[in-house]
Amino acid sequence: MAAPTPVGPEELEELREAFNKIDVNGNGYICKDELTELFRASNLALPGYRVRELVEELTKTSDQLSFDEFTQVVHGLRSSDVAKTFRKAINKKEGLCSVAGRSEQSGTQHSYSEEEKVAFVNWINKSLENDPDCKHVLPMDPGTDDLFTAVGDGIVLCKMINLSVPDTIDERTINKKKLTPFTIQENLNLALNSASAIGCHVVNIGAEDLKEGRQHLVLGLLWQVIKIGLFADIELSKNDALVALLRDGESLEDLMKLSPEELLLRWVNYHLEEAGCKKINNFSSDIKDSKAYYSLLEQIAPKGDEEGIPPIPLDMSGLREKEDVKRAECMLEQADRLGCRQFVTATDVVRGNPKLNLAFVANLFNKYPALKKPENQDLDLSAIEGETREERTFRNWMNSLGVNPRVNHLYMDIDDALVIFQLYEKIKVPVDWDRVNKPPYPKLGYNMKKLENCNYAVELGKKEAKFSLVGIAGQDLNEGNRTLTLALLWQLMRRYTLNILEELGDGQKVNDDTIVSWVNDTLSKAGKDTISSFKDKSISSSMPVLDLIDAIQPGSIRYDLVKTEEPTEEDKLQNAKYAVSMARKIGARVYALPEDLVEVKPKMVMTVFACLMARGLRVS
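As the structure is a prediction and not an experimental result, all values here were calculated from the model.

Another point: the overall build of the chain. Across its full length, the chain holds 27 helices and four strands. Pairs at least 24 apart in sequence give 62% of the contacts found in the chain among residues at least 6 apart. Taken as a whole, the chain presents about 28,700 Å² of accessible surface, with 48% of it coming from carbon and sulfur.

Take a look at the structure:
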């Protein structure tokens, strides 16, 4: 297929949204079946045989298309006679509403999903119903545009971020009373930078967008935040009962490679198989008749077998309903008995809305997994290691930059180096994509193609990026060598951070000494104590960070909330939580965690000061 036609950044974002809607499996590729379904739903002004020919043409080299190929296809369609029909099909597929105004860059019209708005409003109302800080905007009416007004002061967004990833935001840093345009701006900065820190892609979203309630951007951000929370425990290291989903001949590593979406699909099929029912392949067309959901609910509903857990009987008579919508409504009434009716309406089920059905299933899993570890299998579960703080920081940083596919498991999801190539481009290291092997990889030589990519990634690091990669080979990335992979990722993250400083400093080279010098100069001018290096023990109290924030934005730190005299380890952690959230609140996109400051991890400490320096340079 020809190289993709260049498109503007805003149109590219539009295409990404469309791609994600069509990519039901969330695996970064569109399969032929998904394309066929889309064209059939689009009512293109073409005879049926021509639609089939077009699908065959698009997939003649593979049964899957990447995002780049998808971009080329849609861009071509948008300039053809069938453009309007195609766009209408995408909108119809998701129940989208047009938003007033068009993009000046791309000429495309933004849109949003009314169904998603209703689902998110109901989820937020339920999740925050007892939060006293949200009483001024909750409950919201899902039938109005309350949501887009409610997010305008940043409080609801901050609360939802903490709901998805607890303790991300220090509650003491949220402005809650007597809000002014300035304090609202601080809340929105805090929300956006914290969302980025947990792995949300917020590159094209600004505080002004949220303040003005731009519908498609608000819903896009909320979906990312909600999805991260729903998927938090759908991984083997946090829920070892998932080993029940192992198939014959599979290893634990095979199971760990699956994304949360793939695990949810396998979980549903596990219970369907137990019920003797037909398996499903997706959360769109295969669940439209509600029959799979009925079987799933019957399997996971408590039977009273466990001590202290009363049975929840379900009424299965709704299966006999002839109309799909009525059958779906009856099914949801049973889901409601389990306290799991959230995210979908009967219409969403019948239409096969993939995003909302995925959320519905994830919520079911989180409340009623109904899995037991196999007793007869000889499995070494001690080999399942949880994610370290450093790994989580790198993973969230990569995801916040919008890498595709999303990184769920650090080592397994970058073992073909495709994500690393995207990171090279973020730090302005050119990648020769003609040298890159792209999936789907052939069954024969499957790993060889990945290894070739990894070898090229190391070559780029040494020759173009001038990284120190002594002793690192492509095989180390391919096999997931923790120490050596993290060494490369650290240098990528460091270069990305320094590039931002160099752009602000008119191209002047920046290194650790430059940052320390700027930090000390800023602290000295404010009458604060300085640091010797990023290893300075005084950093464990977070006072240098808090003082620097106060120097950049005088009066921002409430020192009455800070423990300064002989702080205990718990005091230090509380100080660090306050410092990290305050850094984000004044506009610094910090990825480090509070524990990194308490333990004085030099690498992560460097990123905190570098991000604050970037913020300081912007206001100086």
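So much for the structure itself; the text now carries on.
Turning next to the confidence of the model for the chain. Of the residues in the chain, 82% have a pLDDT of 70 or more, and the chain-wide mean is 88. Scored below 50 in pLDDT, residues 1-5 shows 10 contacts in the model against residues more than four places distant or in partner chains.

Counting residues in hydrophobic clusters, the biggest one holds 95 residues, and the most contacted among them are Ile 124, Leu 147, Leu 221, Leu 264, Trp 267 and Phe 360. Examining the composition of this core, we find that 11 residues originate from one element, helix 11 (residues 215-231), more than from any other. In this structure, Ile 549, Val 562, Met 582 and Leu 597 belong to the second largest nonpolar core, which totals 82 residues.

Residue pairs spaced three or four apart in an α-helix point in one direction, given the helix's 3.6 residues per turn. Within helix 24 (residues 543-552), 10 of the 10 residues are buried, which leaves it mostly tucked inside the rest of the structure. Among the residues of helix 24, Met 543, Pro 544, Val 545, Leu 546, Asp 547, Leu 548, Ile 549, Asp 550, Ala 551 and Ile 552 are the ones counted as buried. In this structure, the buried side of helix 24 is in contact with helix 23 (512-525), helix 25 (569-585), helix 26 (594-598) and helix 27 (602-619).

For the rest of this paragraph, the subject is the side chain of Lys 117. Topologically, Lys 117 is positioned in helix 6 (residues 114-127). Look at Lys 117 and you get buried, because its relative accessible area is 1%. Within the local environment of Lys 117, its side chain forms a polar contact with the side chain of Glu 114, the two groups lying 3.0 Å apart. Here Thr 144 takes part through its backbone oxygen, which lies 2.8 Å from a polar atom of the side chain of Lys 117. Setting aside anything within four residues of it in sequence, one finds Lys 117 in contact with Tyr 112, Pro 142, Gly 143, Thr 144, Asp 145, Leu 147, Phe 148 and Leu 219.

Right, let's talk about the pattern of salt bridges for a bit. Enumeration over the complete set of coordinates arrives at 34 salt bridges. Two residues, Glu 116 and Lys 355, come together in a salt bridge whose shortest N-O distance is 3.3 Å. Here the residue Glu 116 occupies a position in helix 6, and Lys 355 occupies one in helix 17 (residues 354-367), the gap between them amounting to 239 residues. What makes Glu 116 buried here is its relative accessible area of 4%. Arg 389 serves as the salt-bridge partner of Glu 599, at 2.8 Å between the closest nitrogen and oxygen. You can see Glu 599 sitting in the loop between helix 26 and helix 27 and its partner Arg 389 sitting in helix 18 (residues 389-400), a full 210 residues away along the chain.

This brings us to the packing of helix 24 against helix 27. With their axes 10 Å apart at the nearest point, helix 24 and helix 27 run at an angle of 10° to one another. One element, helix 24, and the other, helix 27, form an angle in the roughly parallel class. For the pair helix 24 and helix 27, contact is made by Pro 544, Val 545, Leu 548, Ile 549 and Ile 552 and by Val 608, Phe 609, Leu 612, Arg 615, Gly 616 and Val 619, respectively. Each residue belonging to the contact of helix 24 with helix 27 can be placed in one class, and the counts come to nine nonpolar, one polar and one charged.

Before going further, it helps to spend a moment on the environment of Pro 354. Relative to the helices and strands, Pro 354 resides in helix 17. For Pro 354, a relative accessible area of 10% corresponds to the buried category. Taking the C-alpha atoms as reference points, Pro 354 and Ser 284, 70 residues apart in sequence, are found 4.9 Å from one another.

On to the packing of helix 11 against helix 17, then. Interhelical geometry of helix 11 versus helix 17 gives an angle of 30° and a closest axis separation of 9 Å. In terms of orientation, helix 11 lies roughly parallel with respect to helix 17. As for the relative orientation of helix 11 and helix 17, their crossing is left-handed in sense. Facing helix 11, whose interface residues are Trp 223, Lys 227, Leu 230 and Phe 231, helix 17 presents Lys 355, Leu 358, Ala 359, Ala 362, Asn 363 and Asn 366.

Here a ring pair, both rings aromatic, is described through the centre-centre distance and the interplanar angle of the planes. Counted by the stated rule, this structure contains 11 aromatic pairs. Centroid distance Phe 534 to Phe 609: 6.0 Å. Interplanar angle 20°. Geometry classified as stacked. Highlighted residues: Phe 534 in the loop between helix 23 and helix 24 and Phe 609 in helix 27, separated in sequence by 75 residues. On the basis of relative accessibility, which here comes to 6%, the residue Phe 534 falls in the buried class.

What follows concerns the environment of Ile 500. Mapped onto the fold, Ile 500 is located in helix 22 (residues 482-504). A residue is classified by how much of its surface remains accessible, and Ile 500, at 26% relative accessible area, is partly exposed. In the structure, Ile 500 is positioned 110 residues away from Ala 610 in sequence and 9.2 Å away in space, judged by C-alpha atoms.

Conventions used here
Residues numbered from 1 in each chain as written. Predicted model: local features only at pLDDT ≥ 70, side-chain atom pairs only at ≥ 80, totals over all residues. Heavy atoms only, no water. Helix = DSSP H or I, 4+ residues; strand = E, 2+ residues; numbered from the N terminus. Contact = heavy atoms within 4.5 Å. Areas by Shrake-Rupley, 256 points an atom, 1.4 Å probe, with all protein chains shown as cover. pLDDT = per-residue confidence, 0-100. Core = buried A, V, L, I, M, F, W, Y, C linked by side-chain atoms within 4.5 Å. Buried < 20%, exposed > 50% of the residue type's maximum accessible area, 1.4 Å probe, protein only. Polar contact = N/O pair within 3.5 Å; in protein donor to acceptor, adjacent residues only side chain to side chain. Salt bridge = Lys/Arg side-chain N within 4 Å of Asp/Glu carboxyl O. Axes fitted to C-alpha atoms, helices over the stretch in contact; angles between N-to-C directions. Parallel < 35°, antiparallel > 145°, perpendicular 65-115°, else oblique. Nonpolar A, V, L, I, M, F, W, Y, C, P; charged D, E, K, R; others polar. Left-handed = near helix turned anticlockwise from the far one by under 90°. Phe/Tyr/Trp six-rings, centres within 6.5 Å; stacked < 30°, edge-to-face > 60°.

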